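Structural characterization, general
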Amino acid sequence: MDEFGVYAVFGVNGPPQRLLRAEGSCRVCVAVPPSVRLVVLFSSGQWGDRVCVNAELNDADRTPITIGKLTPYNKCLSWEQWEEETWTDGVTLNVAVEGGDLMKADYNEPELLAVMEYTPKDTVAPVAARDLKGKRKRDRASEEEKENDNKVPKTEEENTSSDGSEEKATPVRKVRGQTKCGQKLFSSGAGETQGIVGKTPPQSAARTKSRQAKTPTQTAPLLGPSGRWGQTLCPIDAQTAILIGGQGARMQFCKDPMWKLCTEDLSWVAAETLAEGPTPEARIGHTAIYDPDSKRIFVFGGSKNKKWFNDVHILDTQSWKWTMVEARGNVPPLAYHSCSMFQGELFVLGGVFPRPNPEPDGCSDSLYIFDPQLSIWYQPIVTGDQPSPRSGHSACVMQERKIYVFGGWDTPVCYNDMYMLDLGLMEFSGVKTTGTAPSPRSWHGSAVLSDTKFLIHGGYNGNNALSDAFIFDIDTNSWTEVTLPQLSVPRAGHSIVTMETTGFPEDTDANAGSVGKTLLVFGGGDNEGNFYSDLTSVAVEELLAAI
């Protein structure tokens, strides 16, 4: 079949049904039958000049449950109800083609089509009494939530531990710098109304550039990223950084997963359609790191609802083409791990990994190394005092010979201890620090400021998002707390990077335009339902002067 078409399969036994054809409309909206729990979308035929097919699975309120994209390199998508927490009755599938010679390029509201529902002859009626009872229970639960809207709903949350109020904590051994914490991070279920996508926190003296995100029903293009946490911001040169992934309000994965930041004027460009090849699936808790020698970004791991990833995606920033690596060796699916680049290899430490139900997710204490030249994972022999299992920690490469690991959590414990990995000896050692150390936390931001200093900012302590900032000096092994108005907003799951820049538009002093190092802070959440889309800049010189 050479004629281009987009097809969908609804349910395990459903036949393929054509939604779009070469000479038809460029958009369609399909009502998914209530009994269907699986949707497969695929293309067939020659793509020609067509760029991509955008797909959205929306709930009854027209809020996206999940999104996807068909391209000439990635011609099939699938969704299952168990992966999407908010998939209930009334789901619709919206499909739109971009590019090509479209006969009916009408971008008005698409017509809602009915789907031919397939029922095998030898099956019983799909509606069970227990399903109806479950629905009644959910309705009663919704009414109770309205009457008690000041209470935290007891919902299952991905990759986070319980709040500890109803269950006894699992006994854990005492280690230096640990505290018990509930890990109730960003509990923004579908029943909450506090989530604000693209919210800009109030900052009286901060130099920020904020963009308000559009609601799902608005079709105008976004001028900047929507509010999110758990994303990555990866600098690739002195003027450019790439934003990948993240999750926003109501636990929705961002419809705009990839952006290009120009630091000369702090402008954003939507970058998902700029790159060819199979783009990484929407995710949170992944890592993205840039190799300046090969000029490639390596994206590893992460999770999406109940789906976990151990894949490696590479973006060549010269050809703007994605490739997915078929790696050898064994590495488990991981999220909220750390990833450091050293001599062209990726050093992945810790992270959360899935366990079979009903066991809770576990934390890793293992170190895995990925060799891009051989496309192989291996575990090195490491000696010394190794960090305990954890995730949500930070790792900073200092002087191209040491990795400093700070904080993190392992249910139900938060940490504020420090470890150092000597990359020459491959030996871990605990670091005895002086000064005022940060309190135990996870999902904080970290960035290298100089050859001897790095920054720790914000994070989550199990109850609240934090706003404090600390600088660590590796020469003296000492902590110093710093206070700046630009870093005064509580946030966790945010991105912090340093870049060599030539003075930002907000700079008005005599040094504007001179080459210097600037700290950029993007996004994150406050654990109160707010997810930020602001971009804050702080001169590294100003940070170091505050010590």
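What counts and how
Residues numbered from 1 in each chain as written. Predicted model: local features only at pLDDT ≥ 70, side-chain atom pairs only at ≥ 80, totals over all residues. Heavy atoms only, no water. Helix = DSSP H or I, 4+ residues; strand = E, 2+ residues; numbered from the N terminus. Buried < 20%, exposed > 50% of the residue type's maximum accessible area, 1.4 Å probe, protein only. Contact = heavy atoms within 4.5 Å. Areas by Shrake-Rupley, 256 points an atom, 1.4 Å probe, with all protein chains shown as cover. pLDDT = per-residue confidence, 0-100. Pairing = 2+ DSSP bridges. Axes fitted to C-alpha atoms, helices over the stretch in contact; angles between N-to-C directions. Core = buried A, V, L, I, M, F, W, Y, C linked by side-chain atoms within 4.5 Å. Phe/Tyr/Trp six-rings, centres within 6.5 Å; stacked < 30°, edge-to-face > 60°.

Going by the annotation in an unreviewed UniProt entry, the name recorded for the chain is Kelch repeat-containing protein, with Acanthochromis polyacanthus given as the source organism.

Before going further, it helps to spend a moment on the overall build of the chain. The number of helices and strands found in the chain is two helices and 42 strands. Relative to its 547 residues, the chain shows a buried fraction of 51%. Within the chain, contacts between residues separated by at least 24 positions form 62% of all contacts whose residues are at least 6 apart in sequence. Split by element, the accessible area of the chain, about 25800 Å² in all, is 48% carbon and sulfur.

Quick look at the confidence of the model for the chain now. Looking at the chain, pLDDT values average 79 and 74% of them are 70 or higher. A low-confidence stretch, residues 118–184 (pLDDT under 50), is modelled with 85 contacts involving residues beyond four sequence positions or located in other chains. Scored below 50 in pLDDT, residues 203–219 shows 53 contacts in the model against residues more than four places distant or in partner chains.

Sheet strands line up and pair through hydrogen bonds in the backbone, either parallel or antiparallel. The four strands are arranged 23-24-27-28 in an open sheet whose pairing can be described as antiparallel. A single partner strand is all that each edge strand has here, and the edge strands are strand 23 (338–342) and strand 28 (376–378). If you compare each strand with its neighbour and ignore which way they point, the axes differ by 25 degrees on average.

Once that is clear, we can look at the pairing of strand 8 (residues 92–99). Within a regular strand, the side chains alternate between the two sheet faces. Most of strand 8 sits inside the fold, with six of its eight residues counted as buried. Here strand 5 (residues 50–58) pairs with strand 8 via eight bridges, running antiparallel. Pairing of Glu 56 across the sheet is with Asn 94, part of strand 8.

One open sheet accounts for four strands, arranged 2-1-4-7; its pairing is antiparallel. With partners counted over all chains shown, the strands left at the sheet margins are strand 2 (17–21) and strand 7 (76–80), one partner each. For this sheet, the mean inter-axis angle between neighbouring strands, taken without regard to orientation, is 20 degrees. With four bridges joining them, strand 1 (residues 5–10) and strand 2 adopt antiparallel strand pairing. By the bridge assignment, Gly 5 is partnered in strand 2 with Arg 21.

Counting 26 residues, the largest nonpolar core has Leu 41, Trp 79, Leu 93 and Val 95 as the members making the most contacts within it. Put simply, the parts of the chain that give this core at least two residues each are strand 1, strand 2, strand 3 (27–31), strand 4 (38–44), strand 5, strand 6 (64–70), strand 7 and strand 8. Ignoring sequence-local partners within four residues, the contact set of Trp 79 consists of Arg 37, Leu 38, Val 39, Leu 41, Ala 55, Leu 57, Thr 66, Ile 67, Gly 68, Glu 84, Trp 87 and Leu 93. Listed in part, the 16 residues of the second largest apolar core include Ile 284, Ala 335, Tyr 336 and Trp 409.

Our focus in this paragraph is the packing of aromatic side chains. Inspection of every chain in the model, using the stated rule, returns 19 aromatic pairs. Arranged with centres 5.5 Å apart and planes meeting at 45 degrees, the rings of Trp 409 and Trp 443 form a pair that is tilted. Remark: Trp 443 occurs in the loop between strand 34 (434–435) and strand 35 (445–448) and Trp 409 occurs in strand 31 (residues 402–410); sequence separation between them is 34 residues. Among the residues examined, Trp 409 registers a relative accessible area of 3% and is labelled buried.

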